[in-house]
Amino acid sequence: MKAGIDLISFYTTKYYLDLKTLAEARGVDADKFHIGLGQHRMSVPPPDEDIVTMGASAALPLMERIDPESVELVLFATESGVDQSKAAGLFVHELLQLPSRCRVLEVKEACYSGTAALRFAASEMERRPGRNALVICSDVARYDLGSPGEPTQGCGAVAMVVNSTPRILELEDACGLHAEDVMDFWRPNYRDEALVDGKYSAKVYLTTVARTWEHYAEESGRSLADFSRICYHLPFTNMARKAQVQLCRSAGANARDYGNAMIDESLGYNSQTGNCYTASLYEGFACMLDTAEEDLSESRIGFFSYGSGCMGEFFSGIVKPGYRQHLLTDRHAALFSDRTELSYQSYEDIFNLKVPADGWDYVFAEYRTGPFRFGGVSGHKRIYEKMG
Ligand code: COA
(Lines give C-alpha, C1' and ligand atoms only; values in the text may rest on other atoms or scores of the structure.)
Protein backbone atom coordinates (compact mmCIF):
# COMPACT_ATOMS: atom_id res chain seq x y z
CA MET A 1 0.00 0.00 0.00
CA LYS A 2 1.40 3.42 -0.86
CA ALA A 3 0.03 5.13 2.24
CA GLY A 4 0.37 5.12 5.99
CA ILE A 5 1.12 7.13 9.12
CA ASP A 6 2.82 10.43 8.35
CA LEU A 7 2.79 11.83 11.90
CA ILE A 8 1.62 10.53 15.29
CA SER A 9 0.82 12.35 18.54
CA PHE A 10 -0.36 11.16 21.96
CA TYR A 11 -2.21 13.07 24.67
CA THR A 12 -3.38 12.16 28.14
CA THR A 13 -4.94 14.20 30.94
CA LYS A 14 -3.07 16.12 33.67
CA TYR A 15 -4.33 14.00 36.57
CA TYR A 16 -3.52 10.47 37.65
CA LEU A 17 -4.24 8.06 40.45
CA ASP A 18 -1.33 5.94 41.65
CA LEU A 19 -2.41 2.31 41.75
CA LYS A 20 -0.75 1.98 45.17
CA THR A 21 -3.40 4.42 46.44
CA LEU A 22 -6.17 2.39 44.79
CA ALA A 23 -4.76 -0.87 46.19
CA GLU A 24 -4.82 0.60 49.73
CA ALA A 25 -8.40 1.83 49.30
CA ARG A 26 -9.52 -1.58 48.02
CA GLY A 27 -7.50 -3.62 50.56
CA VAL A 28 -5.61 -5.37 47.76
CA ASP A 29 -1.88 -6.19 47.52
CA ALA A 30 -0.43 -3.52 45.19
CA ASP A 31 1.67 -6.24 43.50
CA LYS A 32 -1.52 -7.56 41.95
CA PHE A 33 -1.75 -4.33 39.93
CA HIS A 34 1.99 -3.76 39.45
CA ILE A 35 3.11 -7.33 38.73
CA GLY A 36 -0.14 -9.15 37.95
CA LEU A 37 -1.52 -6.54 35.50
CA GLY A 38 1.67 -4.58 34.75
CA GLN A 39 0.01 -1.23 35.60
CA HIS A 40 1.33 1.61 37.82
CA ARG A 41 -0.87 4.66 37.34
CA MET A 42 -4.17 5.51 35.69
CA SER A 43 -4.91 8.81 33.95
CA VAL A 44 -8.10 10.43 35.22
CA PRO A 45 -10.10 12.94 33.13
CA PRO A 46 -11.21 16.00 35.14
CA PRO A 47 -14.83 17.07 34.50
CA ASP A 48 -13.72 19.57 31.85
CA GLU A 49 -11.85 17.03 29.69
CA ASP A 50 -13.53 14.46 27.46
CA ILE A 51 -12.85 12.55 24.22
CA VAL A 52 -13.23 15.78 22.21
CA THR A 53 -10.72 17.86 24.21
CA MET A 54 -8.27 14.95 24.36
CA GLY A 55 -8.60 14.24 20.63
CA ALA A 56 -8.17 17.92 19.69
CA SER A 57 -5.20 18.25 22.07
CA ALA A 58 -3.51 15.22 20.46
CA ALA A 59 -4.16 16.61 16.97
CA LEU A 60 -3.13 20.25 17.56
CA PRO A 61 0.68 19.74 17.30
CA LEU A 62 0.14 17.81 14.06
CA MET A 63 -1.82 20.67 12.52
CA GLU A 64 1.18 22.91 13.29
CA ARG A 65 3.31 20.54 11.13
CA ILE A 66 1.08 20.25 8.03
CA ASP A 67 -1.18 22.63 6.14
CA PRO A 68 -4.57 22.22 7.87
CA GLU A 69 -6.24 23.20 4.58
CA SER A 70 -5.02 19.88 3.12
CA VAL A 71 -7.13 17.84 5.57
CA GLU A 72 -10.11 16.43 3.67
CA LEU A 73 -11.04 13.51 5.93
CA VAL A 74 -11.43 13.32 9.72
CA LEU A 75 -12.22 9.91 11.22
CA PHE A 76 -12.89 9.92 14.95
CA ALA A 77 -12.71 6.46 16.57
CA THR A 78 -14.19 6.06 20.04
CA GLU A 79 -16.30 3.85 22.27
CA SER A 80 -17.02 6.63 24.76
CA GLY A 81 -19.04 8.85 22.42
CA VAL A 82 -20.58 12.07 23.77
CA ASP A 83 -23.59 12.14 21.45
CA GLN A 84 -25.77 9.43 19.87
CA SER A 85 -26.03 11.34 16.61
CA LYS A 86 -23.39 14.02 16.04
CA ALA A 87 -19.81 12.87 15.29
CA ALA A 88 -17.30 13.98 17.95
CA GLY A 89 -14.98 14.79 15.03
CA LEU A 90 -17.15 17.81 14.15
CA PHE A 91 -16.33 19.48 17.47
CA VAL A 92 -12.65 18.80 16.78
CA HIS A 93 -13.03 20.07 13.21
CA GLU A 94 -14.21 23.42 14.65
CA LEU A 95 -11.61 23.58 17.45
CA LEU A 96 -8.81 23.00 14.91
CA GLN A 97 -10.37 25.34 12.33
CA LEU A 98 -10.27 22.70 9.58
CA PRO A 99 -11.65 23.42 6.10
CA SER A 100 -15.36 22.98 5.38
CA ARG A 101 -14.55 20.87 2.30
CA CYS A 102 -13.91 17.88 4.51
CA ARG A 103 -15.58 14.52 5.28
CA VAL A 104 -16.03 14.02 9.04
CA LEU A 105 -17.44 10.99 10.80
CA GLU A 106 -17.28 8.80 13.90
CA VAL A 107 -16.33 5.12 13.75
CA LYS A 108 -17.34 2.47 16.31
CA GLU A 109 -16.38 -1.14 17.10
CA ALA A 110 -15.00 -1.06 20.64
CA CYS A 111 -11.19 -0.73 20.80
CA TYR A 112 -10.80 -1.92 17.19
CA SER A 113 -12.34 1.12 15.48
CA GLY A 114 -9.09 3.15 15.41
CA THR A 115 -7.62 0.47 13.17
CA ALA A 116 -10.64 0.50 10.85
CA ALA A 117 -10.27 4.31 10.69
CA LEU A 118 -6.55 4.08 9.94
CA ARG A 119 -6.99 1.55 7.16
CA PHE A 120 -9.97 3.34 5.59
CA ALA A 121 -8.03 6.62 5.71
CA ALA A 122 -4.97 5.01 4.09
CA SER A 123 -7.07 3.51 1.26
CA GLU A 124 -8.65 6.91 0.63
CA MET A 125 -5.39 8.86 0.78
CA GLU A 126 -3.57 6.38 -1.50
CA ARG A 127 -5.55 7.84 -4.38
CA ARG A 128 -5.45 11.46 -3.13
CA PRO A 129 -1.76 12.52 -3.36
CA GLY A 130 -1.03 15.80 -1.61
CA ARG A 131 -4.09 15.51 0.65
CA ASN A 132 -4.22 14.46 4.31
CA ALA A 133 -6.56 12.51 6.55
CA LEU A 134 -6.69 13.02 10.31
CA VAL A 135 -7.41 9.87 12.33
CA ILE A 136 -8.23 10.40 16.00
CA CYS A 137 -8.60 7.62 18.57
CA SER A 138 -9.85 8.97 21.90
CA ASP A 139 -11.40 7.23 24.89
CA VAL A 140 -12.14 7.22 28.59
CA ALA A 141 -12.12 3.69 30.07
CA ARG A 142 -14.58 3.48 32.99
CA TYR A 143 -15.66 0.48 35.02
CA ASP A 144 -17.70 0.32 38.23
CA LEU A 145 -15.87 1.40 41.40
CA GLY A 146 -14.53 -1.68 43.15
CA SER A 147 -14.97 -3.93 40.08
CA PRO A 148 -12.10 -6.10 38.71
CA GLY A 149 -11.80 -3.74 35.74
CA GLU A 150 -11.29 -0.62 37.93
CA PRO A 151 -7.45 -0.84 38.13
CA THR A 152 -7.28 -1.00 34.31
CA GLN A 153 -9.20 2.29 33.82
CA GLY A 154 -7.47 5.17 32.07
CA CYS A 155 -7.85 7.74 29.31
CA GLY A 156 -5.98 9.22 26.40
CA ALA A 157 -6.00 10.02 22.70
CA VAL A 158 -3.80 9.44 19.68
CA ALA A 159 -3.98 11.55 16.53
CA MET A 160 -2.39 10.45 13.26
CA VAL A 161 -1.94 12.23 9.96
CA VAL A 162 -2.41 9.68 7.18
CA ASN A 163 -1.31 10.27 3.60
CA SER A 164 0.34 8.76 0.51
CA THR A 165 3.86 9.95 1.44
CA PRO A 166 4.11 8.80 5.08
CA ARG A 167 7.19 9.79 7.07
CA ILE A 168 6.66 7.30 9.94
CA LEU A 169 5.10 4.02 8.73
CA GLU A 170 4.02 2.66 5.36
CA LEU A 171 1.18 0.17 5.76
CA GLU A 172 1.30 -3.18 3.95
CA ASP A 173 -1.68 -4.70 2.14
CA ALA A 174 -1.87 -8.08 3.87
CA CYS A 175 -4.15 -8.31 6.88
CA GLY A 176 -5.65 -11.07 9.00
CA LEU A 177 -9.24 -10.64 10.15
CA HIS A 178 -11.52 -12.28 12.70
CA ALA A 179 -15.13 -11.27 13.47
CA GLU A 180 -17.44 -13.05 15.92
CA ASP A 181 -20.55 -12.13 17.91
CA VAL A 182 -19.52 -12.48 21.58
CA MET A 183 -20.50 -10.63 24.78
CA ASP A 184 -17.14 -10.14 26.49
CA PHE A 185 -17.40 -6.37 27.03
CA TRP A 186 -20.21 -3.97 26.21
CA ARG A 187 -21.83 -0.73 27.36
CA PRO A 188 -25.60 -0.46 26.97
CA ASN A 189 -26.86 3.04 26.07
CA TYR A 190 -28.27 3.55 29.57
CA ARG A 191 -24.92 3.00 31.33
CA ASP A 192 -21.83 5.22 31.79
CA GLU A 193 -19.69 2.29 32.90
CA ALA A 194 -18.82 -0.67 30.71
CA LEU A 195 -19.86 -4.20 31.63
CA VAL A 196 -17.14 -6.77 31.16
CA ASP A 197 -16.61 -10.48 31.62
CA GLY A 198 -12.88 -9.88 32.10
CA LYS A 199 -11.52 -13.43 32.11
CA TYR A 200 -13.67 -14.42 29.12
CA SER A 201 -12.59 -11.23 27.33
CA ALA A 202 -8.91 -12.11 27.78
CA LYS A 203 -9.63 -15.62 26.45
CA VAL A 204 -11.41 -14.30 23.35
CA TYR A 205 -8.57 -11.78 22.81
CA LEU A 206 -6.03 -14.64 22.73
CA THR A 207 -8.15 -16.79 20.40
CA THR A 208 -8.43 -13.76 18.13
CA VAL A 209 -4.62 -13.37 18.10
CA ALA A 210 -4.42 -16.96 16.80
CA ARG A 211 -7.19 -16.57 14.18
CA THR A 212 -5.92 -13.24 12.80
CA TRP A 213 -2.32 -14.49 12.63
CA GLU A 214 -3.41 -17.62 10.71
CA HIS A 215 -5.21 -15.42 8.16
CA TYR A 216 -2.33 -12.91 7.94
CA ALA A 217 0.30 -15.67 7.49
CA GLU A 218 -1.82 -17.30 4.77
CA GLU A 219 -2.18 -13.96 2.92
CA SER A 220 1.42 -12.79 3.28
CA GLY A 221 3.46 -16.01 3.49
CA ARG A 222 5.46 -14.37 6.33
CA SER A 223 6.74 -15.90 9.56
CA LEU A 224 7.60 -14.26 12.90
CA ALA A 225 11.22 -13.99 11.72
CA ASP A 226 10.08 -11.30 9.26
CA PHE A 227 9.16 -8.95 12.14
CA SER A 228 11.28 -6.65 14.25
CA ARG A 229 8.60 -5.68 16.80
CA ILE A 230 4.92 -6.37 17.58
CA CYS A 231 2.46 -3.83 19.04
CA TYR A 232 -0.68 -5.12 20.74
CA HIS A 233 -3.93 -3.59 21.87
CA LEU A 234 -3.22 -2.89 25.56
CA PRO A 235 -6.16 -3.20 28.00
CA PHE A 236 -3.27 -3.59 30.50
CA THR A 237 0.34 -4.27 29.65
CA ASN A 238 0.54 -7.90 30.78
CA MET A 239 -2.09 -8.74 28.16
CA ALA A 240 0.60 -8.09 25.53
CA ARG A 241 2.92 -10.59 27.23
CA LYS A 242 0.24 -13.28 27.15
CA ALA A 243 -0.54 -12.38 23.53
CA GLN A 244 3.10 -12.70 22.50
CA VAL A 245 3.23 -16.22 23.95
CA GLN A 246 0.06 -17.05 21.99
CA LEU A 247 1.49 -15.55 18.79
CA CYS A 248 4.67 -17.66 19.12
CA ARG A 249 2.55 -20.77 19.61
CA SER A 250 0.38 -19.95 16.56
CA ALA A 251 3.40 -19.09 14.42
CA GLY A 252 5.33 -22.22 15.49
CA ALA A 253 8.11 -20.02 16.94
CA ASN A 254 10.05 -20.41 20.17
CA ALA A 255 8.89 -17.87 22.79
CA ARG A 256 12.49 -17.63 24.07
CA ASP A 257 13.61 -16.26 20.67
CA TYR A 258 10.60 -14.02 20.09
CA GLY A 259 9.70 -12.94 23.60
CA ASN A 260 9.54 -9.68 25.54
CA ALA A 261 12.25 -7.95 23.44
CA MET A 262 9.69 -7.65 20.64
CA ILE A 263 7.14 -5.83 22.82
CA ASP A 264 8.78 -4.20 25.87
CA GLU A 265 9.38 -0.77 24.29
CA SER A 266 5.65 -0.40 23.55
CA LEU A 267 4.43 -0.81 27.15
CA GLY A 268 5.80 2.16 29.12
CA TYR A 269 3.14 4.81 28.37
CA ASN A 270 0.21 2.43 28.92
CA SER A 271 1.51 1.36 32.35
CA GLN A 272 1.28 5.08 33.30
CA THR A 273 -2.12 5.91 31.72
CA GLY A 274 -4.18 2.73 31.89
CA ASN A 275 -6.45 1.57 29.11
CA CYS A 276 -7.24 4.18 26.43
CA TYR A 277 -9.42 1.72 24.43
CA THR A 278 -9.17 2.78 20.73
CA ALA A 279 -5.95 4.72 21.40
CA SER A 280 -4.15 1.96 23.35
CA LEU A 281 -2.59 0.16 20.36
CA TYR A 282 -1.31 3.42 18.86
CA GLU A 283 -0.20 4.76 22.26
CA GLY A 284 1.94 1.60 22.37
CA PHE A 285 3.30 2.26 18.88
CA ALA A 286 4.16 5.90 19.74
CA CYS A 287 5.84 4.71 22.96
CA MET A 288 7.90 2.17 21.03
CA LEU A 289 9.04 4.74 18.46
CA ASP A 290 9.87 7.26 21.21
CA THR A 291 11.78 4.88 23.48
CA ALA A 292 13.47 2.24 21.26
CA GLU A 293 17.22 2.80 21.33
CA GLU A 294 17.65 0.87 18.10
CA ASP A 295 16.96 2.73 14.86
CA LEU A 296 13.87 0.94 13.54
CA SER A 297 14.13 2.34 9.98
CA GLU A 298 13.10 -0.22 7.31
CA SER A 299 11.97 -2.72 9.93
CA ARG A 300 8.60 -4.47 9.84
CA ILE A 301 6.24 -3.89 12.77
CA GLY A 302 3.27 -6.19 13.38
CA PHE A 303 0.06 -4.80 14.91
CA PHE A 304 -2.69 -6.73 16.66
CA SER A 305 -5.88 -4.73 17.07
CA TYR A 306 -8.72 -6.11 19.20
CA GLY A 307 -12.22 -4.76 19.84
CA SER A 308 -14.56 -6.61 22.17
CA GLY A 309 -17.73 -7.89 20.71
CA CYS A 310 -15.54 -8.90 18.81
CA MET A 311 -13.39 -7.78 15.88
CA GLY A 312 -9.67 -8.45 15.48
CA GLU A 313 -7.08 -7.60 12.87
CA PHE A 314 -3.39 -8.42 12.47
CA PHE A 315 -1.59 -6.13 10.03
CA SER A 316 1.87 -4.75 9.41
CA GLY A 317 3.87 -1.78 8.20
CA ILE A 318 7.44 -0.78 7.42
CA VAL A 319 9.08 2.04 9.39
CA LYS A 320 10.32 4.85 7.14
CA PRO A 321 13.98 5.89 7.20
CA GLY A 322 14.46 9.20 9.03
CA TYR A 323 11.24 8.70 11.08
CA ARG A 324 12.93 9.94 14.27
CA GLN A 325 13.02 13.54 13.03
CA HIS A 326 9.22 13.54 12.90
CA LEU A 327 8.42 12.14 16.35
CA LEU A 328 6.96 14.19 19.22
CA THR A 329 9.10 12.42 21.83
CA ASP A 330 9.90 15.52 23.94
CA ARG A 331 6.29 16.62 23.96
CA HIS A 332 5.18 13.18 25.14
CA ALA A 333 7.84 13.15 27.88
CA ALA A 334 6.65 16.60 29.04
CA LEU A 335 3.05 15.30 29.29
CA PHE A 336 4.09 12.56 31.69
CA SER A 337 6.33 14.78 33.82
CA ASP A 338 3.62 17.44 34.27
CA ARG A 339 0.78 15.51 35.89
CA THR A 340 -0.89 16.05 39.25
CA GLU A 341 -1.44 13.10 41.57
CA LEU A 342 -4.97 12.67 42.96
CA SER A 343 -5.89 11.46 46.42
CA TYR A 344 -8.31 8.54 46.53
CA GLN A 345 -11.14 10.86 47.61
CA SER A 346 -10.54 13.32 44.71
CA TYR A 347 -10.55 10.38 42.28
CA GLU A 348 -13.88 9.14 43.64
CA ASP A 349 -15.38 12.67 43.61
CA ILE A 350 -14.37 13.15 39.95
CA PHE A 351 -15.64 9.68 39.06
CA ASN A 352 -19.06 10.42 40.56
CA LEU A 353 -19.49 13.85 38.94
CA LYS A 354 -21.95 13.58 36.05
CA VAL A 355 -22.85 16.03 33.26
CA PRO A 356 -26.40 17.17 34.19
CA ALA A 357 -28.99 15.74 31.76
CA ASP A 358 -31.70 18.40 32.29
CA GLY A 359 -30.50 20.78 29.55
CA TRP A 360 -30.13 23.77 31.88
CA ASP A 361 -26.96 25.87 31.63
CA TYR A 362 -24.11 24.28 33.53
CA VAL A 363 -20.53 25.53 33.81
CA PHE A 364 -17.66 23.32 34.97
CA ALA A 365 -15.07 24.49 37.46
CA GLU A 366 -11.68 24.97 35.82
CA TYR A 367 -9.26 22.08 36.32
CA ARG A 368 -5.85 21.65 34.68
CA THR A 369 -6.36 20.76 31.01
CA GLY A 370 -4.48 20.84 27.73
CA PRO A 371 -5.10 23.45 25.02
CA PHE A 372 -8.88 22.79 25.01
CA ARG A 373 -11.54 22.35 27.64
CA PHE A 374 -15.14 21.25 27.90
CA GLY A 375 -16.64 24.37 29.48
CA GLY A 376 -20.17 23.16 30.17
CA VAL A 377 -23.59 22.64 28.60
CA SER A 378 -26.27 25.08 27.54
CA GLY A 379 -29.62 24.05 26.10
CA HIS A 380 -28.36 20.45 25.81
CA LYS A 381 -25.40 21.68 23.71
CA ARG A 382 -21.81 20.94 24.72
CA ILE A 383 -19.56 23.99 24.79
CA TYR A 384 -15.86 23.65 24.07
CA GLU A 385 -13.24 26.35 24.65
CA LYS A 386 -9.72 26.97 23.41
CA MET A 387 -7.40 27.97 26.25
CA GLY A 388 -5.08 30.96 26.25
N1 COA B 1 1.21 -10.41 43.22
C2 COA B 1 1.48 -10.64 41.92
N3 COA B 1 0.51 -11.03 41.01
C4 COA B 1 -0.75 -11.18 41.48
C5 COA B 1 -1.09 -10.94 42.82
C6 COA B 1 -0.04 -10.53 43.72
N7 COA B 1 -0.27 -10.29 45.00
N8 COA B 1 -2.41 -11.17 42.98
C9 COA B 1 -2.90 -11.54 41.76
N10 COA B 1 -1.90 -11.55 40.86
C11 COA B 1 -1.96 -11.84 39.42
C12 COA B 1 -2.86 -13.02 39.08
O13 COA B 1 -2.16 -14.26 39.22
C14 COA B 1 -3.23 -12.69 37.65
O15 COA B 1 -2.17 -13.05 36.79
P16 COA B 1 -2.45 -14.00 35.52
O17 COA B 1 -3.49 -13.31 34.69
O18 COA B 1 -1.12 -14.07 34.84
O19 COA B 1 -2.93 -15.29 36.08
C20 COA B 1 -3.32 -11.16 37.64
O21 COA B 1 -2.59 -10.73 38.80
C22 COA B 1 -4.75 -10.63 37.76
O23 COA B 1 -5.33 -11.25 38.86
P24 COA B 1 -6.83 -11.82 38.76
O25 COA B 1 -7.20 -12.44 40.03
O26 COA B 1 -6.99 -12.63 37.50
O27 COA B 1 -7.56 -10.40 38.59
P28 COA B 1 -9.08 -10.04 38.51
O29 COA B 1 -9.95 -11.23 38.47
O30 COA B 1 -9.34 -9.09 39.62
O31 COA B 1 -9.22 -9.25 37.11
C32 COA B 1 -9.02 -8.74 34.78
C33 COA B 1 -8.29 -9.24 36.05
C34 COA B 1 -8.01 -8.49 33.68
C35 COA B 1 -10.02 -9.82 34.35
C36 COA B 1 -9.78 -7.43 35.13
O37 COA B 1 -8.84 -6.43 35.42
C38 COA B 1 -10.69 -6.92 34.04
O39 COA B 1 -11.85 -7.33 33.98
N40 COA B 1 -10.22 -5.99 33.17
C41 COA B 1 -11.01 -5.33 32.17
C42 COA B 1 -11.23 -6.15 30.91
C43 COA B 1 -10.02 -6.42 30.16
O44 COA B 1 -9.03 -5.77 30.37
N45 COA B 1 -10.10 -7.41 29.24
C46 COA B 1 -8.94 -7.85 28.48
C47 COA B 1 -9.22 -8.09 27.02
S48 COA B 1 -9.66 -6.63 26.08
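Residues numbered from 1 in each chain as written. Predicted model: local features only at pLDDT ≥ 70, side-chain atom pairs only at ≥ 80, totals over all residues. Heavy atoms only, no water.

(A) Here's a closer look at the overall build of the chain. Within the chain, the regular secondary structure consists of 11 helices and 17 strands. The C-alpha radius of gyration computed for the chain amounts to 20 Å, which stays within 12% of the reference 21 Å derived for 388 residues, consistent with globular compactness. On the principal axes, the C-alpha backbone points of the chain span a range of 60 × 55 × 40 Å. Counting the 388 residues in the chain, one finds 60% classified as buried. Taking the contacts inside the chain whose residues are at least 6 apart along the sequence as the reference set, 76% of them involve residues at least 24 apart. Carbon and sulfur atoms form 48% of the exposed surface of the chain, whose accessible area is close to 15,700 Å². With 39 positive and 54 negative side-chain charges, the chain shows a spacing of 1 Å between the two charge centroids. (Helix = DSSP H or I, 4+ residues; strand = E, 2+ residues; numbered from the N terminus. Rg over C-alpha atoms; globule rule 2.2 N^0.38 Å. Buried < 20%, exposed > 50% of the residue type's maximum accessible area, 1.4 Å probe, protein only. Contact = heavy atoms within 4.5 Å. Areas by Shrake-Rupley, 256 points an atom, 1.4 Å probe, with all protein chains shown as cover. Lys, Arg positive; Asp, Glu negative; His and termini not counted. Charge placed at Lys NZ, Arg CZ, Asp CG, Glu CD.)

(B) Quick look at the sheet that holds strand 5 (residues 103–107). Pairing in this open sheet of 9 strands is mixed, and the strands run 5-4-6-7-1-8-13-12-11 from one edge to the other. Two strands bound the open sheet, and with one partner strand each, they are strand 5 and strand 11 (229–232). Taking the axes of each pair of neighbouring strands and ignoring which way they run, one obtains an average angle of 25° across the sheet. Relative to strand 13 (residues 311–319), strand 8 (residues 169–179) runs antiparallel, the two sharing 8 bridges. Its bridge partner being in strand 13, glycine 176 is matched across the sheet by phenylalanine 314. (Pairing = 2+ DSSP bridges. Axes fitted to C-alpha atoms, helices over the stretch in contact; angles between N-to-C directions.)

(C) Region of interest: the site of the ligand. Surveying the vicinity of the ligand reveals 16 residues, the closest of which are Lys32, Gly36, Pro148, Lys199 and Lys242. Taking aspartate 29, its side chain carries an N or O atom lying 3.1 Å from a nitrogen atom of the ligand. Note that an oxygen atom of the ligand is positioned 2.6 Å from one of the side-chain N or O atoms of lysine 199. Alone, the ligand offers 970 Å² of accessible surface; in the complex the protein occludes 67% of this. Here the ligand occupies the second largest pocket. Of all the elements in the fold, those that place two or more residues in the shell around the ligand are helix 2 (30–37) and helix 6 (198–220). For the shell around the ligand, the element with the most residues is helix 2, which contributes 4 residues. (Near = heavy atom within 4 Å. Polar contact = N/O pair within 3.5 Å; in protein donor to acceptor, adjacent residues only side chain to side chain. 1 Å grid on protein atoms, 1.4 Å probe; cavity = no way out; pocket = protein on both sides within 12 Å on 5 of 7 lines; lining within 4 Å. Sits in = over half its atoms within 2 Å of the grid points.)

(D) Local environment of the layout of surface pockets. Within this model, the second largest pocket holds a volume of roughly 800 Å³. What lines the second largest pocket is a set of 33 residues, among which Leu37, Pro148, Thr152, Gly198 and Phe236 lie closest to the centre. Elements supplying a minimum of two residues to the lining of the second largest pocket: helix 1 (19–26), helix 2, helix 6 and helix 7 (237–251). The biggest single contributor to the lining of the second largest pocket is helix 6, with 5 residues. Grouping the amino acids of the lining of the second largest pocket by side-chain chemistry returns 17 nonpolar, 10 polar and 6 charged. (Points joined across faces, edges and corners; volume = space filled by probe spheres on them. Nonpolar A, V, L, I, M, F, W, Y, C, P; charged D, E, K, R; others polar.)

(E) Structural view of the environment of aspartate 29. In this structure, aspartate 29 sits in the loop between helix 1 and helix 2. Judged by relative accessible area, which is 53%, aspartate 29 ranks as exposed. At 3.0 Å, the side chain of aspartate 29 forms a polar contact with the backbone nitrogen of aspartate 31.

(F) Local environment of the state of the cysteines. Applying the stated criterion across every chain, the model contains 0 disulfides. Cysteine 276 carries a free sulfur, and the closest cysteine sulfur to it, the one in cysteine 155, is 6.6 Å from it. (Disulfide = S-S within 2.5 Å.)

(G) Highlighting the sheet that holds strand 15 (residues 362–363). Ordered in space as 15-16-17, the 3 strands form an open sheet in which the pairing is antiparallel. Only two strands of the sheet have a single neighbouring strand rather than two, namely strand 15 and strand 17 (381–386). Pairing between strand 15 and strand 16 (residues 372–378): 2 bridges, direction antiparallel. Paired with valine 363 across the strands is glycine 376, a residue of strand 16. Across the sheet, helix 3 (residues 51–63) is in contact with strand 16 and strand 17; its angle to strand 16 comes to roughly 150°.

(H) Structural context of the environment of proline 99. With respect to the helices and strands, the residue proline 99 is situated in the loop between helix 4 (88–95) and strand 5. In this structure proline 99 touches Pro68, Glu69, Val71 and His93, once residues within four positions along its chain are discounted.

No statement about biological role is implied by the geometric values presented.
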